[in-house]
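# Architecture at a glance
Each chain, letter by letter, is given below.
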Amino acid sequence: MGKFDTYPFAYIRKSIVPIEQAQIPIATNALHYGAGIFGGIKAYETDAGVQIFRLADHMERMRQSCKILRFPYDFNIESTQKIILKLAAKNNLKGTTYIRPLVYRSDTNLSPGIEGDYDLSVYMIQMPEYFQAEKGLSVCVSSWQRNADGALPPRTKATGGYLNSSLAIHDAVTSGFDSAILLDSDGNVGEGAVMNLFMVKNGQLITPASDSDILEGITRRTVQLIAKDIGIPVIERTISRTELYTADEIFFCGTAVEISWCQSVDNVEISSKKGDITTKIHKAFDGLSLSHPELFTKI
C-alpha cells in the first residue's frame, strides 16, 4: 500500500471547495471522540466512462450506521448521492478513484455525548492499487480482538472503531507480515483488518457469518453474487482459527483491497500461487461493469 494523490476539490459545510480549504477547527468534537461514520466507495474506468460502483448500497450502509449509532443526522440517500456525483464531475475523475464520504460531529463542544451538530464531507483520491495484485499476502492472526457488537457495533463504519484494525495492522507489519486477521469475541475468525475474509475448502467458498463481529461488507456481498453466477457454493458459518491453516485458498475482499489472496497465515503456507477459485472470482470482479451494469452509476 502507498500514498495516493488527492483530487483538487472536496465537499464540506454544504459547499464544494478547493481541497486546501476543506479544513476543520482543532476543537472539532469528532477529532477528539471519534464521533463519525464514513463510506469507502470506488469509481472505475468502464466502457461507458468512469462509473461509481454500488453507490446506493454504500449510501444505505451509511444511513444505517447513523441510525445504529444514534447520530442526530438526517442522512438522505438521494441528496448525498447527488453531492458525490456533482463532486465527481467537478474533479473530472480519471482511472480508479476512492471516494470518502464522512458524517462527523462538527461542533466544538468537547463533550463525549452523541448529541451535537453534524456535517457531511466528501473527498476523493486516486487509488490504482492497495496491495500488489499478484503478490500473495503473508498475514498473521492478531492478538487484538475484533470489537464486538456490544461494545462498538462492527456492522457500522464508525471512525473510532477503526483504531481496532490500526492496532492489528501495526503489530502485523512491525512483525514482518503484510496484514492481520482478527478473531471475534468468541475466539473464532472475524475478518481481516479493514477487509472481509473468504476461505476455500473442498470447492466451497466459506466466510464468517454476520454474527462473527464482522462488517457486512459490500464487496463481500459482491463476491457472493459472483460465486452464485459461476456456480460456486457459498457457506456463511463460524470458522475456527486452526481451520485457516488447512484451507485450500484464502482471500480478503474490500473496497480498497478488492480481491487480495493470502499465501500464508501465521507462517503456515496456504498456497504458493493464487488459487483457481480466487482467480475466477477476481476475473469476474474485474468484469462486473459488463456482467452487472446495474451495479454502476454514471457520473
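Residues numbered from 1 in each chain as written. Predicted model: local features only at pLDDT ≥ 70, side-chain atom pairs only at ≥ 80, totals over all residues. Heavy atoms only, no water.

### Some points on the packing of helix α5 (residues 218–230) against helix α6 (residues 276–286)
To keep it simple, the criterion reads: Working convention: axes come from line fits to C-alpha atoms, limited for helices to the stretch in contact. Angles between N-to-C directions cover 0 to 180 degrees. Secondary structure follows DSSP: runs of H or I at least 4 residues long count as helices, runs of E at least 2 residues long count as strands, and numbering of each begins at the N terminus. Oblique is the label for any angle not under 35 degrees, not over 145, and not in the 65 to 115 range, which are roughly parallel, roughly antiparallel and roughly perpendicular in turn. Between two residues, a contact is recorded if the distance between any of their heavy atoms is within 4.5 Å. In this count, Pro and Cys sit with the nonpolar residues alongside Ala, Val, Leu, Ile, Met, Phe, Trp and Tyr, while Asp, Glu, Lys and Arg are called charged and the others, Gly among them, polar.
Relative orientation of the contacting elements α5 and α6 amounts to 105°, with a least axis distance of 10 Å. By the criterion of interaxial angle, the relationship of α5 to α6 is roughly perpendicular. Every residue of α6 that contacts α5 at T219, T222, V223, I226, A227 and I230 is listed here: K280, I281, A284 and F285. Classifying every residue of the contact of α5 with α6 gives 7 nonpolar, 2 polar and 1 charged.

### Some thoughts on the nonpolar core
Heads up, the condition is: Throughout this description, the term nonpolar core refers to a set of buried Ala, Val, Leu, Ile, Met, Phe, Trp, Tyr and Cys residues connected via side-chain atoms within 4.5 Å. Each residue is placed in one exposure class: buried if its accessible area under a 1.4 Å probe, protein chains only, is under 20% of its type's maximum, exposed if it is over 50%, and partly exposed if it falls in between.
Counting 27 residues, the largest nonpolar core has I84, I99, V103, V122 and M124 as its most contacted members. Only β4 (41–46), β5 (49–53), α2 (55–68), α3 (77–91), β6 (97–105) and β7 (118–126) provide two or more residues apiece to this core. Excluding residues that lie within four positions of it along the chain, V103 makes contacts with A35, G36, I37, M62, C66, F71, Y73, F75, Y118, D119 and L120. In this structure, I181, F252, A256 and V257 belong to the second largest nonpolar core, which totals 26 residues.

### Brief notes about the packing of aromatic side chains
Heads up, the rule is: Stacked, tilted and edge-to-face are the three classes assigned to paired rings of Phe, Tyr and Trp, where Trp is represented by its six-membered ring and a pair needs centres within 6.5 Å; plane angles under 30 degrees give stacked, over 60 edge-to-face, the rest tilted. Two thresholds decide whether a charge sits over a ring: the Lys NZ or Arg CZ must be within 6 Å of the ring centre and within 35 degrees of the ring normal.
Overall, the coordinates contain 7 aromatic pairs when judged by the stated rule. Every member of this aromatic cluster is reached through a ring pair, and the members are Y44, F53, F285 and F296. Taking the ring centre of F9 as reference, the NZ or CZ of K90 above it sits at 4.7 Å.

### What about the pattern of salt bridges?
For clarity, the cut-off: Salt bridge criterion: a side-chain nitrogen from Lys or Arg within 4 Å of a carboxyl oxygen from Asp or Glu.
Inspection of the entire model under this criterion finds 13 salt bridges. Between K82 and E78 there is a salt bridge whose closest N-O contact spans 3.5 Å. Of this pair, K82 and E78 both sit in helix α3, 4 residues apart, which is roughly one turn of that helix. In this pair, the class of K82 matches that of E78, namely exposed. Measuring nitrogen to oxygen at the nearest pair gives 2.9 Å for the salt bridge that ties E243 to R237.

### Notes on the environment of V173
Looking at the secondary structure, you find V173 in helix α4 (residues 163–174). The exposure class assigned to V173 is partly exposed, which follows from its relative accessible area of 45%. For the pair V173 and C140, spaced 33 residues apart in sequence, the C-alpha to C-alpha distance is 9.5 Å.

### As for the state of the cysteines
Here is the rule: The definition used for a disulfide is geometric: two cysteine sulfur atoms within 2.5 Å.
In the structure shown here, the tally under the stated rule is 0 disulfides. The thiol of C140 is not disulfide-bonded; the next cysteine sulfur, from C262, is found 11 Å away. On the basis of relative accessibility, which here comes to 10%, the residue C140 falls in the buried class.

### Some points on the pairing of β5
Basically, it comes down to this: Here a strand pair is declared whenever DSSP counts at least two bridges between the two strands.
Where burial is concerned, most of β5 is hidden: 4 out of the 5 residues are buried. Pairing of β4 with β5, which is carried by 4 bridges, proceeds in the antiparallel orientation. Bridge pairing in β5 links T46 to G49. Between β4 and β5, which pair antiparallel and follow one another directly, the connecting turn spans 2 residues. Looking at chain direction, β5 and strand β17 (residues 296–298) are connected through 3 bridges and run antiparallel. Each bridged residue has a counterpart across the sheet, and for I52 the counterpart in β17 is T297.

### Side note on the side chain of N91
Along the polypeptide, N91 turns up in helix α3. Given the relative accessible area of 6%, N91 is considered buried. Excluding its chain neighbours within four sequence positions, the residues that come into contact with N91 are Y7, P8, F9 and M124.

### Observations regarding the environment of I218
By secondary structure assignment, the location of I218 is in helix α5. Its relative accessible area of 2% is what places I218 among the buried residues. As a C-alpha pair, I218 and G40 span 178 residues in sequence and 9.8 Å in three-dimensional space. Once residues within four sequence positions are removed from consideration, I218 is found in contact with R54, D57, H58 and R61.

### A short note on unusual backbone geometry
Phi at N92 is positive, roughly 50°, even though this residue is not glycine. Taking relative accessible area as the criterion, N92 reaches 46% and is therefore assigned partly exposed. Its identity is not glycine, yet N202 carries a phi of approximately 55°, on the positive side. By the secondary structure assignment, N202 is in the loop between β11 (196–201) and β12 (204–207).

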